[in-house]
Amino acid sequence: MPHTADKPVSPIITFYKRFRLFFRVIFAVVALSCIKFYIHKLDLEFLQLNSLFTSAISAAVFIIGFLLSSVLADYKESERMPSEMRVALEGIRDDAESFTEANRGYSPQPVYRALHGILISLAKTLNKGEHADIRPAITHVDELRVCFAEMSQRGMPPNFVVKLKAEQGIIRRCLFRMYHIQKIQFVPSVHILVQSLVTSIIFLMLTLETEGSPESALIFGLLSFMFIYGLYLINTLEQPFRKGRMSLDDVSLFLLREFEEKLEKVTDKTALEPTTKAD
(Lines give C-alpha, C1' and ligand atoms only; values in the text may rest on other atoms or scores of the structure.)
Protein backbone atom coordinates (compact mmCIF):
# COMPACT_ATOMS: atom_id res chain seq x y z
CA MET A 1 0.00 0.00 0.00
CA PRO A 2 1.81 3.13 -1.20
CA HIS A 3 0.27 5.51 1.30
CA THR A 4 1.23 3.66 4.44
CA ALA A 5 4.82 4.79 4.53
CA ASP A 6 6.35 8.12 3.68
CA LYS A 7 8.73 7.71 0.79
CA PRO A 8 11.89 9.83 0.66
CA VAL A 9 11.12 13.10 -1.08
CA SER A 10 13.74 14.94 -3.07
CA PRO A 11 14.59 18.53 -2.09
CA ILE A 12 13.30 19.76 -5.45
CA ILE A 13 9.84 18.26 -4.86
CA THR A 14 9.80 19.62 -1.31
CA PHE A 15 10.75 23.07 -2.60
CA TYR A 16 8.01 22.94 -5.23
CA LYS A 17 5.40 21.85 -2.68
CA ARG A 18 6.36 24.68 -0.34
CA PHE A 19 6.31 27.39 -3.02
CA ARG A 20 3.63 25.93 -5.29
CA LEU A 21 1.06 28.58 -4.43
CA PHE A 22 3.69 31.32 -4.59
CA PHE A 23 4.70 30.38 -8.15
CA ARG A 24 1.10 30.24 -9.33
CA VAL A 25 0.45 33.73 -8.00
CA ILE A 26 3.72 35.08 -9.41
CA PHE A 27 2.76 33.88 -12.89
CA ALA A 28 -0.59 35.67 -12.59
CA VAL A 29 1.10 38.85 -11.35
CA VAL A 30 3.62 38.76 -14.22
CA ALA A 31 0.77 38.40 -16.72
CA LEU A 32 -1.06 41.34 -15.16
CA SER A 33 2.14 43.41 -15.17
CA CYS A 34 2.53 42.78 -18.90
CA ILE A 35 -1.06 43.86 -19.48
CA LYS A 36 -0.44 46.98 -17.39
CA PHE A 37 2.69 47.75 -19.42
CA TYR A 38 0.82 47.68 -22.73
CA ILE A 39 -2.12 49.64 -21.30
CA HIS A 40 0.35 52.34 -20.25
CA LYS A 41 2.16 52.30 -23.59
CA LEU A 42 -1.11 52.56 -25.52
CA ASP A 43 -2.22 55.42 -23.28
CA LEU A 44 -5.39 53.63 -22.21
CA GLU A 45 -5.18 54.71 -18.57
CA PHE A 46 -8.08 57.01 -17.72
CA LEU A 47 -8.41 56.95 -13.92
CA GLN A 48 -6.67 59.36 -11.57
CA LEU A 49 -5.56 58.54 -8.05
CA ASN A 50 -7.86 59.87 -5.33
CA SER A 51 -8.99 59.08 -1.80
CA LEU A 52 -11.85 56.86 -2.98
CA PHE A 53 -9.37 54.47 -4.60
CA THR A 54 -7.38 54.05 -1.39
CA SER A 55 -10.63 53.55 0.54
CA ALA A 56 -11.66 50.78 -1.85
CA ILE A 57 -8.33 49.01 -1.32
CA SER A 58 -8.70 49.27 2.47
CA ALA A 59 -12.25 47.85 2.32
CA ALA A 60 -11.11 44.93 0.14
CA VAL A 61 -8.25 44.13 2.52
CA PHE A 62 -10.64 44.16 5.48
CA ILE A 63 -13.16 41.80 3.84
CA ILE A 64 -10.45 39.40 2.69
CA GLY A 65 -9.01 39.38 6.21
CA PHE A 66 -12.45 38.62 7.64
CA LEU A 67 -12.95 35.68 5.29
CA LEU A 68 -9.45 34.34 5.96
CA SER A 69 -9.98 34.43 9.73
CA SER A 70 -13.28 32.56 9.37
CA VAL A 71 -11.82 29.87 7.10
CA LEU A 72 -8.76 29.55 9.32
CA ALA A 73 -10.98 28.50 12.24
CA ASP A 74 -12.16 25.43 10.29
CA TYR A 75 -8.58 24.72 9.22
CA LYS A 76 -7.39 24.73 12.84
CA GLU A 77 -10.23 22.39 13.75
CA SER A 78 -9.20 20.09 10.89
CA GLU A 79 -5.68 19.87 12.31
CA ARG A 80 -7.07 18.37 15.54
CA MET A 81 -9.12 15.64 13.84
CA PRO A 82 -6.27 13.21 13.00
CA SER A 83 -5.10 13.18 16.62
CA GLU A 84 -8.65 12.68 17.91
CA MET A 85 -9.16 9.80 15.50
CA ARG A 86 -5.81 8.29 16.46
CA VAL A 87 -6.73 8.33 20.17
CA ALA A 88 -10.08 6.66 19.47
CA LEU A 89 -8.53 4.05 17.16
CA GLU A 90 -5.81 3.24 19.70
CA GLY A 91 -8.43 2.90 22.45
CA ILE A 92 -10.52 0.43 20.44
CA ARG A 93 -7.47 -1.63 19.51
CA ASP A 94 -6.18 -1.72 23.10
CA ASP A 95 -9.56 -2.78 24.50
CA ALA A 96 -9.89 -5.50 21.86
CA GLU A 97 -6.43 -6.85 22.74
CA SER A 98 -7.15 -6.75 26.47
CA PHE A 99 -10.45 -8.56 25.96
CA THR A 100 -8.69 -11.20 23.83
CA GLU A 101 -6.17 -11.84 26.60
CA ALA A 102 -9.00 -12.46 29.07
CA ASN A 103 -11.09 -14.49 26.59
CA ARG A 104 -8.87 -16.84 24.62
CA GLY A 105 -11.74 -18.00 22.45
CA TYR A 106 -12.31 -14.53 21.01
CA SER A 107 -10.45 -13.33 17.90
CA PRO A 108 -9.86 -9.56 17.51
CA GLN A 109 -9.39 -9.88 13.73
CA PRO A 110 -12.86 -8.44 12.87
CA VAL A 111 -12.01 -5.33 14.91
CA TYR A 112 -8.63 -5.02 13.22
CA ARG A 113 -10.20 -5.42 9.78
CA ALA A 114 -12.74 -2.68 10.53
CA LEU A 115 -10.06 -0.29 11.82
CA HIS A 116 -7.82 -1.06 8.87
CA GLY A 117 -10.73 -0.57 6.47
CA ILE A 118 -11.45 2.87 7.93
CA LEU A 119 -7.89 4.02 7.26
CA ILE A 120 -7.68 2.50 3.77
CA SER A 121 -11.05 3.90 2.66
CA LEU A 122 -10.25 7.33 4.04
CA ALA A 123 -6.87 7.41 2.29
CA LYS A 124 -8.41 6.40 -1.04
CA THR A 125 -11.03 9.12 -0.74
CA LEU A 126 -8.49 11.80 0.15
CA ASN A 127 -6.15 10.84 -2.68
CA LYS A 128 -8.89 11.58 -5.19
CA GLY A 129 -8.38 15.28 -4.50
CA GLU A 130 -11.77 15.84 -2.89
CA HIS A 131 -14.17 13.97 -0.65
CA ALA A 132 -16.00 12.24 -3.49
CA ASP A 133 -17.58 9.57 -1.28
CA ILE A 134 -16.99 8.94 2.41
CA ARG A 135 -19.52 6.10 2.71
CA PRO A 136 -16.92 3.27 2.50
CA ALA A 137 -15.12 4.62 5.58
CA ILE A 138 -18.42 5.04 7.44
CA THR A 139 -19.37 1.46 6.49
CA HIS A 140 -16.26 0.17 8.25
CA VAL A 141 -17.09 2.32 11.28
CA ASP A 142 -20.54 0.69 11.36
CA GLU A 143 -18.91 -2.75 11.29
CA LEU A 144 -17.52 -2.06 14.75
CA ARG A 145 -21.05 -2.26 16.15
CA VAL A 146 -21.20 -5.95 15.32
CA CYS A 147 -17.80 -6.47 16.94
CA PHE A 148 -18.88 -4.70 20.11
CA ALA A 149 -22.09 -6.75 20.27
CA GLU A 150 -20.06 -9.96 20.11
CA MET A 151 -17.77 -8.74 22.88
CA SER A 152 -20.78 -7.92 25.02
CA GLN A 153 -22.22 -11.41 24.47
CA ARG A 154 -18.89 -12.93 25.48
CA GLY A 155 -18.91 -11.12 28.81
CA MET A 156 -17.34 -7.70 28.30
CA PRO A 157 -18.46 -5.38 31.15
CA PRO A 158 -21.10 -2.84 30.08
CA ASN A 159 -18.91 0.13 31.01
CA PHE A 160 -16.25 -1.06 28.56
CA VAL A 161 -18.87 -1.49 25.83
CA VAL A 162 -20.06 2.07 26.47
CA LYS A 163 -16.45 3.28 26.23
CA LEU A 164 -15.97 1.49 22.89
CA LYS A 165 -19.17 2.97 21.48
CA ALA A 166 -18.05 6.45 22.59
CA GLU A 167 -14.77 6.00 20.73
CA GLN A 168 -16.69 4.78 17.70
CA GLY A 169 -18.75 7.96 17.90
CA ILE A 170 -15.59 10.08 17.96
CA ILE A 171 -14.35 8.42 14.76
CA ARG A 172 -17.72 8.87 13.07
CA ARG A 173 -17.93 12.51 14.14
CA CYS A 174 -14.44 13.27 12.82
CA LEU A 175 -15.18 11.65 9.46
CA PHE A 176 -18.44 13.52 8.99
CA ARG A 177 -16.84 16.80 10.08
CA MET A 178 -13.97 16.29 7.64
CA TYR A 179 -16.50 15.58 4.90
CA HIS A 180 -18.52 18.69 5.73
CA ILE A 181 -15.52 21.03 5.87
CA GLN A 182 -14.23 19.66 2.58
CA LYS A 183 -17.53 19.96 0.71
CA ILE A 184 -19.21 23.08 2.05
CA GLN A 185 -18.02 26.53 1.01
CA PHE A 186 -18.01 29.15 3.77
CA VAL A 187 -20.80 31.66 2.94
CA PRO A 188 -20.71 31.54 -0.89
CA SER A 189 -22.07 35.09 -1.10
CA VAL A 190 -19.02 36.37 0.77
CA HIS A 191 -16.78 34.60 -1.75
CA ILE A 192 -18.61 36.32 -4.60
CA LEU A 193 -18.19 39.65 -2.84
CA VAL A 194 -14.45 39.14 -2.32
CA GLN A 195 -13.90 37.92 -5.88
CA SER A 196 -15.81 40.92 -7.23
CA LEU A 197 -13.80 43.30 -5.08
CA VAL A 198 -10.47 41.83 -6.13
CA THR A 199 -11.44 41.88 -9.79
CA SER A 200 -12.59 45.49 -9.47
CA ILE A 201 -9.44 46.57 -7.63
CA ILE A 202 -7.18 44.97 -10.23
CA PHE A 203 -9.18 46.62 -13.03
CA LEU A 204 -8.86 49.98 -11.30
CA MET A 205 -5.10 49.51 -10.90
CA LEU A 206 -4.74 48.53 -14.55
CA THR A 207 -6.53 51.67 -15.72
CA LEU A 208 -5.01 54.01 -13.12
CA GLU A 209 -2.80 56.72 -14.56
CA THR A 210 0.86 56.11 -13.67
CA GLU A 211 4.20 57.55 -14.65
CA GLY A 212 5.51 54.23 -15.87
CA SER A 213 8.33 54.38 -13.34
CA PRO A 214 9.85 51.33 -11.61
CA GLU A 215 8.29 52.50 -8.35
CA SER A 216 4.75 52.45 -9.75
CA ALA A 217 5.37 49.04 -11.35
CA LEU A 218 6.62 47.68 -8.02
CA ILE A 219 3.57 48.99 -6.16
CA PHE A 220 1.24 47.52 -8.77
CA GLY A 221 2.99 44.15 -8.51
CA LEU A 222 2.87 44.09 -4.71
CA LEU A 223 -0.82 45.01 -4.54
CA SER A 224 -1.74 42.48 -7.22
CA PHE A 225 0.29 39.80 -5.45
CA MET A 226 -1.43 40.49 -2.13
CA PHE A 227 -4.99 40.28 -3.49
CA ILE A 228 -4.46 37.29 -5.80
CA TYR A 229 -2.52 35.37 -3.14
CA GLY A 230 -5.37 35.99 -0.70
CA LEU A 231 -7.90 34.43 -3.08
CA TYR A 232 -5.73 31.36 -3.69
CA LEU A 233 -5.04 31.01 0.03
CA ILE A 234 -8.74 31.04 0.89
CA ASN A 235 -9.37 28.27 -1.63
CA THR A 236 -6.49 26.23 -0.17
CA LEU A 237 -7.63 26.56 3.43
CA GLU A 238 -11.24 25.68 2.56
CA GLN A 239 -10.26 22.16 1.49
CA PRO A 240 -7.53 21.15 3.95
CA PHE A 241 -7.65 17.40 3.25
CA ARG A 242 -6.96 17.30 -0.49
CA LYS A 243 -3.94 15.02 -0.32
CA GLY A 244 -3.75 14.59 -4.10
CA ARG A 245 -2.32 18.08 -4.49
CA MET A 246 1.40 18.80 -4.57
CA SER A 247 1.28 21.06 -1.54
CA LEU A 248 2.47 21.25 2.05
CA ASP A 249 -0.58 23.26 3.09
CA ASP A 250 -2.79 20.17 3.51
CA VAL A 251 -3.45 18.83 7.00
CA SER A 252 -0.94 16.08 7.74
CA LEU A 253 -2.31 12.58 8.38
CA PHE A 254 0.96 11.05 9.54
CA LEU A 255 -0.66 9.98 12.83
CA LEU A 256 -3.15 7.81 10.97
CA ARG A 257 -0.46 6.39 8.68
CA GLU A 258 1.64 5.47 11.71
CA PHE A 259 -1.32 3.72 13.32
CA GLU A 260 -1.96 1.77 10.11
CA GLU A 261 1.66 0.59 10.13
CA LYS A 262 1.36 -0.29 13.82
CA LEU A 263 -1.83 -2.23 13.18
CA GLU A 264 -0.25 -4.22 10.36
CA LYS A 265 2.77 -5.13 12.48
CA VAL A 266 0.69 -6.75 15.22
CA THR A 267 -1.93 -8.23 12.91
CA ASP A 268 -1.94 -11.05 10.41
CA LYS A 269 -1.77 -9.17 7.10
CA THR A 270 -3.68 -11.87 5.25
CA ALA A 271 -6.63 -11.24 7.56
CA LEU A 272 -6.72 -7.59 6.46
CA GLU A 273 -6.61 -8.21 2.71
CA PRO A 274 -10.29 -9.08 2.05
CA THR A 275 -11.48 -5.76 3.48
CA THR A 276 -8.88 -3.81 1.51
CA LYS A 277 -9.84 -5.47 -1.77
CA ALA A 278 -13.54 -4.99 -1.16
CA ASP A 279 -13.24 -1.21 -1.18
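Residues numbered from 1 in each chain as written. Predicted model: local features only at pLDDT ≥ 70, side-chain atom pairs only at ≥ 80, totals over all residues. Heavy atoms only, no water.

## Some details on the layout of surface pockets
- Roughly 460 Å³ of internal volume is contained in the second largest pocket.
- Those elements that place two or more of their residues in the lining of the second largest pocket are helix H1 (11-41), helix H2 (51-102) and helix H7 (214-238).
- Sorting elements by how many residues they give to the lining of the second largest pocket places H7 first, with five residues.
- Class assignment for the residues of the lining of the second largest pocket results in 10 nonpolar, seven polar and two charged. (1 Å grid on protein atoms, 1.4 Å probe; cavity = no way out; pocket = protein on both sides within 12 Å on 5 of 7 lines; lining within 4 Å. Points joined across faces, edges and corners; volume = space filled by probe spheres on them. Helix = DSSP H or I, 4+ residues; strand = E, 2+ residues; numbered from the N terminus. Nonpolar A, V, L, I, M, F, W, Y, C, P; charged D, E, K, R; others polar.)

## A closer look at H2
- Over its 52 residues, H2 extends 78 Å from the first C-alpha to the last, a length consistent with the 76 Å expected when each residue adds 1.5 Å.
- At the N-terminal end of H2, a side-chain oxygen is found 3.0 Å from the backbone nitrogen of Leu52, two or three residues along, and the residue is Asn50. (Expected span 1.5 Å × (residues − 1). Polar contact = N/O pair within 3.5 Å; in protein donor to acceptor, adjacent residues only side chain to side chain.)

## A word on the side chain of His191
- Tracing the backbone shows His191 in helix H6 (residues 188-207).
- Not counting chain neighbours up to four residues away, the residues in contact with His191 comprise Leu67, Gln185, Phe186, Ile234 and Glu238. (Contact = heavy atoms within 4.5 Å.)

## Here's the deal with the confidence of the model for the protein
- Of all residues in the protein, 87% have pLDDT values of 70 or greater, and the mean over the chain is 83.
- Contacts for the low-pLDDT stretch residues 1-7, under 50 throughout, to residues beyond four places or in other chains number 16 contacts.
- Across residues 274-279, where pLDDT falls below 50, the model places 11 contacts with residues more than four positions away in sequence or in other chains. (pLDDT = per-residue confidence, 0-100.)

## Digging into the packing of H6 against H7
- The geometry of H6 relative to H7 is characterised by a closest axis approach of 10 Å and an angle of 165° between their N-to-C directions. Considering the angle they form, H6 stands roughly antiparallel to H7. By crossing handedness, the relation of H6 to H7 is classed as left-handed. When H6 is examined against H7, the residues His191, Val194, Gln195, Val198, Ile201, Ile202, Met205 and Leu206 are found in contact with a partner set consisting of Phe220, Leu223, Ser224, Phe227, Ile228, Leu231, Ile234 and Glu238.
- Classifying every residue of the contact of H6 with H7 by side-chain character gives 12 nonpolar, three polar and one charged. (Axes fitted to C-alpha atoms, helices over the stretch in contact; angles between N-to-C directions. Parallel < 35°, antiparallel > 145°, perpendicular 65-115°, else oblique. Left-handed = near helix turned anticlockwise from the far one by under 90°.)

## Let's talk about the pattern of salt bridges
- Following the criterion strictly, the structure yields 14 salt bridges and no others.
- Measuring nitrogen to oxygen at the nearest pair gives 2.5 Å for the salt bridge that ties Arg93 to Glu97. One end of the pair, Arg93, and the other, Glu97, are both in helix H2, four residues apart, so they sit about a helical turn from each other.
- Accessibility expressed as a relative area gives 24% for Glu97, which makes it partly exposed. (Salt bridge = Lys/Arg side-chain N within 4 Å of Asp/Glu carboxyl O. Buried < 20%, exposed > 50% of the residue type's maximum accessible area, 1.4 Å probe, protein only.)

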